[in-house]
Amino acid sequence: MPQNKRPTPRKSTPSPEEKEDTLIQQLCDLAITLAEREEVEDDPDAAISAQTELNKIIRKCLHRKQDDILYEALERSKYADIDAWQMLKESIDEASEVTLIRREQGADHEINAFVIPVFARTDGGLHADQCCTDQDAFDQLVKSIQQAQLESADAKVVLINHAYHLDEIDSITYSHVSEMIRDAYASMTDKKAAATPAIDRSFGGWPDNLFQPGDQAIELRFLLGFALKTVDDAFYHVPEDALAMDAYFAQRASRFQQWSVAATPLLKRLLVTDGAAIDINFLYQDLFHGGKERGIAEYFMLQMMSALNQALAESGVAPEQTRAVIGPATSREDIVLRVNLYKEADGALIATAEKPLTAIPDLQIEIDDTCDALNTIGITFTSMAIAVGFDAQDQALDVRPYPYPG
């Protein structure tokens with residue numbers, strides 16, 4: 001007589017949350033593998049395999065609009081291994097802002113999203129209803145990019161007829177950038193007018209202008225564009241020789257400087273139509289994420305210096321009569337770079353100003369940039385010091401002199 005067999009229990013299906021957590025951990029583990037240089041050099045095939053798998057998961061997340069997975073993986077890797085965080089961020093940035101188009105016939109193409117950060121100084125601030133209404137100025141601005149050789153003459157280049165506010169540009173997620181590139185590619189290659197829903201969705205609108213007449217406003221805006229070119233375009237080939245490489249980038253920087261002079265009157269027409277005075281300053285053109293981060297970093301630096309200048313003016317203390325202590329701090333659970341200004345004579349605190357820190361690896365760069373900015377407002381390098389942090393009473397910890405240029 002056959003015996004009844006005990007049924008084999010079925011394995012439970014992972015929940016969506018568990019699947020997401022598995023992908024997040026995979027991204028972190030692969031980034032850590034790639035960041036461990038010594039082990040990778042011993043096994044280059046393993047490095048190639050890890051990078052291929054990492055890129056595959058990233059592209060899948062972009063296609064499925066799973067931005068939460070990408071951002072959570074970045075957050076998790078930052079605490080696990082800072083080098084892995086850097087590796088993962090670079091991979092996600094590139095995958096979202098650059099798309100390779102392979103063709104069975106003809107050369108492979110690449111399309112990327114780029115930004116040009118712009119600082120506008122006005123009396124009373126910019127007004128959204130005046131933005132980008134001069135079509136002739138816009139058409140000339142688009143043509144000027146290739147005329148000034150910022151992009152290859154053989155490339156196709158488009159700009160979005162909109163000056164993006166910081167809030168708008170910062171709300172564009174990784175998958176949104178990728179979608180916008182697909183929109184741009186369709187519009188650049190389709191003979192019929194192609195719909196651009198992702199680009200249209202990027203226009204979030206400027207917040208209300210809170211500046212009053214007489215207020216000196218410095219505002220950050222972004223020009224956003226796309227460049228489509230062949231992968232083998234010699235214009236973009238960077239020499240391998242160190243001296244030739246330096247010369248290549250120096251020439252690019254020089255061309256951008258010349259372009260910025262010629263483009264300034266066009267951009268003034270695009271931002272102001274009522275004849276109000278406006279000063280324009282450009283930051284260097286870069287791919288989407290690098291340009292965005294550079295613009296935001298400069299914006300917060302300007303805010304910090306403005307706050308310190310105002311405090312100095314109100315205190316009546318000259319910059320050369322102060323001592324500055326710079327270091328990382330925690331503000332409402334965010335990591336910031338803090339500057340405390342003290343009166344040299346009696347050590348009284350004159351002002352405190354902060355700016356966000358994007359990542360610990362950039363700390364020394366952030367400190368050096370901040371010290372350079374402090375020096376431009378009159379604080380001497382010999383009067384600057386670095387702290388490893390600040391306690392709950394805002395007292396600087398483990399203070400040491402800044403190694404100023406000698």
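Residues numbered from 1 in each chain as written. Predicted model: local features only at pLDDT ≥ 70, side-chain atom pairs only at ≥ 80, totals over all residues. Heavy atoms only, no water.

Regarding the pairing of strand β10 (residues 349-356)
Judged from the seven bridges that link them, strand β9 (residues 334-343) and β10 form a sheet pairing that is antiparallel. Among the inter-strand pairings, Arg338 is bridged to a residue of β10, identified as Glu354. Joining the antiparallel neighbours β9 and β10 is a turn of five residues, in which Gly347 adopts a positive phi near 80°. (Pairing = 2+ DSSP bridges. Helix = DSSP H or I, 4+ residues; strand = E, 2+ residues; numbered from the N terminus.)

A word on unusual backbone geometry
A positive phi angle is found at Asp394, which is not glycine, with a value near 70°. Turning to its location among the elements, Asp394 is positioned in the loop between β12 (389-390) and β13 (396-397). Exposure remark for Asp394: the relative accessible area of 19% places this residue in the buried category. One non-glycine residue with positive phi stands out, namely Asp398, at about 50°. Here Asp398 lies in the loop between β13 and β14 (400-401). Judged by its relative accessible area of 56%, Asp398 falls in the exposed class. (Buried < 20%, exposed > 50% of the residue type's maximum accessible area, 1.4 Å probe, protein only.)

Remarks on the state of the cysteines
Tallying each qualifying case throughout the model produces zero disulfides. Free cysteine: Cys131, not disulfide-bonded; nearest cysteine sulfur from Cys132 at 3.5 Å. Residue Cys131 is classed as buried on the basis of its relative accessible area, which comes to 12%. (Disulfide = S-S within 2.5 Å.)

Quick notes on the nonpolar core
Soluble, globular proteins show a tendency: their nonpolar side chains are buried together. Counting residues in hydrophobic clusters, the biggest one holds 32 residues, and the most contacted among them are Leu141, Trp259, Leu267, Leu271, Ile280 and Phe282. Element by element, the count of residues in this core is highest for helix α10 (residues 242-271), at seven residues. Apart from the residues within four sequence positions on either side, Ile280 is in contact with Val118, Phe119, Ala120, Thr264, Leu267, Lys268 and Leu271. Counting residues in hydrophobic clusters, the runner-up holds 26 residues, among them Ile169, Val177, Leu283 and Phe288. (Core = buried A, V, L, I, M, F, W, Y, C linked by side-chain atoms within 4.5 Å. Contact = heavy atoms within 4.5 Å.)

Quick notes on the packing of helix α3 (residues 44-63) against helix α5 (residues 82-97)
Two numbers describe how α3 lies on α5: the axes approach to 10 Å, and their chain directions differ by 55°. With respect to α5, the element α3 is oriented oblique. Where α3 crosses over α5, the two elements pack in a sense that is right-handed. For the pair α3 and α5, contact is made by Gln51, Leu54, Asn55, Ile58 and Leu62 and by Met87, Leu88, Ser91, Ile92, Ala95 and Ser96, respectively. When its residues are assigned to classes, the contact of α3 with α5 shows seven nonpolar, four polar and no charged. (Axes fitted to C-alpha atoms, helices over the stretch in contact; angles between N-to-C directions. Parallel < 35°, antiparallel > 145°, perpendicular 65-115°, else oblique. Left-handed = near helix turned anticlockwise from the far one by under 90°. Nonpolar A, V, L, I, M, F, W, Y, C, P; charged D, E, K, R; others polar.)

Regarding a positive patch on the surface
Taken together, the side chains of Lys56, Arg59, Lys60 and Arg64 present a region of like positive charge at the surface. Inspection of the secondary structure assignment puts Arg59 in helix α3. (Patch = residues over 30% accessible without salt bridge, like charges linked within 9 Å, V, L, I, M, F, W, Y side chains within 5 Å. Areas by Shrake-Rupley, 256 points an atom, 1.4 Å probe, with all protein chains shown as cover. Salt bridge = Lys/Arg side-chain N within 4 Å of Asp/Glu carboxyl O. Lys, Arg positive; Asp, Glu negative; His and termini not counted. Charge placed at Lys NZ, Arg CZ, Asp CG, Glu CD.)

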